[in-house]
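Observations on chain architecture
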Amino acid sequence: MSSDNSTVLGSVLWGHPVCDGWSNNTEGAIYHLGNTILFLGYMGGSGAYGCLFIFGFLAPSFLCLSLWGWMTVCGLDVFTWNLLLLLLCLAQICHLLYRLRQEGLPSEELTTLYQAVYLPLGVPIQVFKEIAGAFENRVVELRAGETYAVEGKTPIDQLSFLLSGRINVSLEGQFLHYIHRHQFMDSPEWESLRPNEEGKFQVTLTAEEDSRYISWRRRRLYMLLSKERYIARLFSVMLGFDIAEKLYALNDKLYIKSGVHLDIRLPSLYHVLAPSSQGSEGGSGSENQQRGSSGEDRKSEPAQPQSLPPYQQGPRKMPPAETRAPEHDPYQHRWDAEPPAGDTDGNLPPRFQRGRAPLAPTDTPKL
């Protein structure tokens, strides 16, 4: 068996006549050009664009080698193999171009939107194309000073997402907050209505500068959300995050006289902002009044004589100079306690002198 293998190996290696001498003639410029382009083609990277680079260089390289085999070598096998490789490279280039066209987006703004918002969330490009198809890949422009919605007049029939610019949100002429790029413009209004309900804007939205946004029609977006469960969950997460950001923007306008910034997440803030109930004030006042009357009764009682033995005296009474103070209320220092009735602001403890946290003034400086 080993002798047979050695015979085959010897016939492959030494079966052909050995070259008597090397020729000094070159194969021509076309041959060297083809190999140079072949060398450059294999420097491409990975991915669709890397493959397009590789096959884009291999195709002219095999074209040069095919011409070399047809005109210089005059070998049918050399020409056939290089021509076949050339056709395969051209077919692969056509496939890559079709694939990139299918996965690409029609405009640069939508590409930026996908890379900045949807790609970090792991949304596939095909899903984003369905979302973009719902607004027909159309971008709307809003000039500075133009109004997107007017409070009490504009119906809630669409959902918009700001691509660039800045929007001013106001209520009855009072500034509330700004809407910046890559934020929903009317997410609270969208979430406030059911699919079969109708309503109007409660705030006014005005463009502070030239802005561009995309807009989904309400009916068409509801149809998409009802069919695609993944897209419905995606919009639910994005809308919830956007509404939370708007609430925090409003929270930045809360302050107190001492300059401390309040947080709407703190439970104690509810008792500062909420109005006091009259029932609790009345109950607190009556309780203090009863305690005051009981103290006066104790002051008017005479002291017990101490002529009897201790075991016959019964319950001991305090002398008038050492009248017992009212009992300490264990719940007196609760933050939700009401201020005692009849006391002025100067006599109240510090916790009752805080008052309510007002909103920021009307002339809030713009950001």
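Basis of the calculations
Residues numbered from 1 in each chain as written. Predicted model: local features only at pLDDT ≥ 70, side-chain atom pairs only at ≥ 80, totals over all residues. Heavy atoms only, no water. Helix = DSSP H or I, 4+ residues; strand = E, 2+ residues; numbered from the N terminus. Pairing = 2+ DSSP bridges. Axes fitted to C-alpha atoms, helices over the stretch in contact; angles between N-to-C directions. Buried < 20%, exposed > 50% of the residue type's maximum accessible area, 1.4 Å probe, protein only. Parallel < 35°, antiparallel > 145°, perpendicular 65-115°, else oblique. Left-handed = near helix turned anticlockwise from the far one by under 90°. Nonpolar A, V, L, I, M, F, W, Y, C, P; charged D, E, K, R; others polar. Contact = heavy atoms within 4.5 Å.

Notes on unusual backbone geometry
Excluding glycine, residues mostly carry a negative phi; peptide bonds, for their part, are mostly trans. Residue C74 is not a glycine yet carries a positive backbone phi of 60°. Turning to its location among the elements, C74 is positioned in the loop between α3 (47-73) and α4 (76-103).

Focus: the sheet that holds strand β2 (residues 147-149)
As summarised here, the arrangement of the four strands in space is β2-β6-β4-β5, forming an open sheet in which the pairing is antiparallel. The open sheet has two edge strands, β2 and β5 (174-179), and neither has a second partner. Geometrically, the sheet is characterised by an average inter-axis angle of 30° between neighbouring strands, direction not taken into account.

With respect to the environment of L84
The residue L84 is located in helix α4 in this model. Judged by relative accessible area, which is 42%, L84 ranks as partly exposed. C-alpha separation for the pair L84 and L63, spaced 21 residues apart in sequence, amounts to 9.9 Å.

A look at the packing of α3 against α4
Interhelical geometry of α3 versus α4 gives an angle of 155° and a closest axis separation of 8 Å. One element, α3, and the other, α4, form an angle in the roughly antiparallel class. Once α3 is placed against α4, the crossing between them reads as left-handed. Taken together, the residues of the contact of α3 with α4 break down into 24 nonpolar, five polar and no charged.

Some remarks on the sheet that holds strand β1 (residues 140-142)
Remark on secondary structure: sheet strands pair via backbone hydrogen bonds, oriented parallel or antiparallel. Within the open sheet, the three strands sit side by side as β1-β7-β3. Their pairing is antiparallel. The open sheet terminates on both sides in strands that have one partner only, identified here as β1 and β3 (158-164). Strand-to-strand, the axes of this sheet are offset by a mean angle of 35°, without reference to chain direction. Sheet topology note: the β3/strand β7 (residues 211-217) ladder contains six bridges and is antiparallel. Across the sheet, F161 pairs through a bridge with I214, a residue of β7. Against the sheet, helix α8 (residues 218-227) touches β3 and β7, its axis set at about 65° to β7.

Thoughts on the environment of F53
Here F53 is to be found in helix α3. Accessibility expressed as a relative area gives 34% for F53, which makes it partly exposed. Along the primary structure F53 and G41 are separated by twelve residues, whereas in three dimensions their C-alpha atoms are 7.0 Å apart.

A word on the pairing of strand β6 (residues 204-207)
Across two bridges, β2 lies against β6 in antiparallel orientation. The residue of β6 that forms the bridge with A149 is L205. By the bridge criterion, four bridges tie strand β4 (residues 167-171) to β6 in an arrangement that is antiparallel. Within β6, the residue paired with I167 across the bridge is A207.

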